[in-house]
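What follows is each chain in one-letter form.
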Amino acid sequence: MALTPFTGTIPDNLLYDPEHDMWVRELPGGELLVGATAFGIHLAGEIIAFTSKPNGAEVARGRGMGTVECRKTLLALHAPLSFVLLEGNEAAEERPGRINRDPYGDGWMARVRPTDWAGERGLLVDAAAYRAQVLKLDPEARLD
Amino acid sequence: MTERLALLIGSAQPEQVVTPLVHALAARALDAEVEIHFAGPAVRWLVAGAAEAAWPTPAREKSIAAFLDEAAAAGVRFYACGMARAAWVGAEETLRADAGAAGATAFVARTLDPAWRTLVY
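A brief structural summary. Here the structure is a predicted model, which means the values were calculated and not measured.

Our focus in this paragraph is the sheet that holds strand β2 (residues 15-17) of chain A. Residue and element names in this part refer to chain A. The strand order across the open sheet formed by six strands is β2-β3-β4-β10-β9-β6, and the pairing between neighbours is antiparallel. Of all the strands in the sheet, just β2 and β6 (58-59) have a single pairing partner and so form its edges. The pairing of strand β3 (residues 22-26) with strand β4 (residues 32-36) spans five bridges and is antiparallel. Bridge pairing links Arg25 to Leu33 in β4.

Turning our attention to the side chain of B:Arg96. All names here are of chain B. Looking at the element boundaries, Arg96 is found in the loop between α3 (82-88) and β4 (99-102). There is a polar contact of 2.9 Å between the side chain of Arg96 and the side chain of Asp98. Look past the residues within four positions of Arg96 in its chain and what remains in contact with it is Trp45, Leu46, Ala48, Ala65, Leu68, Asp69, Ala72 and Phe78.

The next thing to look at is the packing of aromatic side chains. For any pair of aromatic rings, geometry is given as the distance between the ring centres together with the angle between the planes. Overall, the coordinates contain four aromatic pairs over all chains when judged by the stated rule. For the ring pair A:Tyr16 and A:Tyr130, a centre distance of 4.7 Å and an interplane angle of 10° mean the geometry is stacked. Here the residue A:Tyr16 occupies a position in strand β2, and A:Tyr130 occupies one in helix α5 (residues 127-137), the gap between them amounting to 114 residues. Given the relative accessible area of 0%, A:Tyr16 is considered buried. The class for A:Tyr130 is buried, based on a relative accessible area of 0%. Pairing B:Phe38 with B:Phe78 gives two aromatic rings, centres 5.7 Å apart and planes at 85°, and the pair type is edge-to-face. Residue B:Phe38 is located in strand β2 (residues 33-38), and its partner B:Phe78 is located in strand β3 (residues 77-81); the two are separated by 40 residues in the primary sequence. With relative accessibility at 0%, the residue B:Phe38 sits in the buried group. A residue is classified by how much of its surface remains accessible, and B:Phe78, at 1% relative accessible area, is buried. Between B:Lys62 and the ring centre of B:Phe67, over which it is positioned, the NZ or CZ distance is 4.2 Å. Residue placement shows B:Arg110 over the ring face of B:Trp116; its charged tip is 3.9 Å from the ring centre.

The rules behind these values
Residues numbered from 1 in each chain as written. Chains lettered and ligands numbered in written order. Predicted model: local features only at pLDDT ≥ 70, side-chain atom pairs only at ≥ 80, totals over all residues. Heavy atoms only, no water. Pairing = 2+ DSSP bridges. Helix = DSSP H or I, 4+ residues; strand = E, 2+ residues; numbered from the N terminus. Polar contact = N/O pair within 3.5 Å; in protein donor to acceptor, adjacent residues only side chain to side chain. Contact = heavy atoms within 4.5 Å. Phe/Tyr/Trp six-rings, centres within 6.5 Å; stacked < 30°, edge-to-face > 60°. Buried < 20%, exposed > 50% of the residue type's maximum accessible area, 1.4 Å probe, protein only. Lys NZ or Arg CZ within 6 Å of the ring centre and 35° of its normal.

That's the geometry; what it means functionally is another story.
Given below as structure tokens:
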């Protein structure tokens, strides 16, 4: 069954991992917030469960930082950068609907401390580049 | 966190084989090394073509073969128990190309090895 075209938001104030459809937000004090993009969620389907790796886990870029579950499959969440996981979003684990409804807000997935921010920041892209990537994959996408 | 997980599946019932396959997928998503040992009648899930016609739900949305393929694509390794194969797989039948062979002792050895965790379904 073909997916319907994506309709959603790609906020300007975030960095993106276009390979894994994850976003990164800089926080004061050198910490980062990480989550899945609305486009990534669109590709996965409605998320009915989210599980983060345990707090304190050291995760290398591209490795698993947790999982999301949809009706008929389970998907790995790939870390967009290397980090120490400070806090998984327990509220989103208890109510995964938050991820579907507000992926860039209440649906964040992990608060982290990067371990190679200087070296890996350049591997992420800005919103304009990510929008271009989304439109390349889904030419009929409507981006708010 | 332990990084190696071995699962044992013994059931040939379609509705009972999906949970371990999804658990294997979850463990791979957390970067664990994962292997599944198919014992007893469950070894038939590894017979080429057998899982294509088996469905875990009446709605038939996703076959057992699709779950197996998903786990294999994620890096889960499959092993057919030798005794089970002798008992449940015909001489003219072949196993999936990605299925390896492991005796019953191989799974017991995993349970005795502190580097591995095991789950039995």
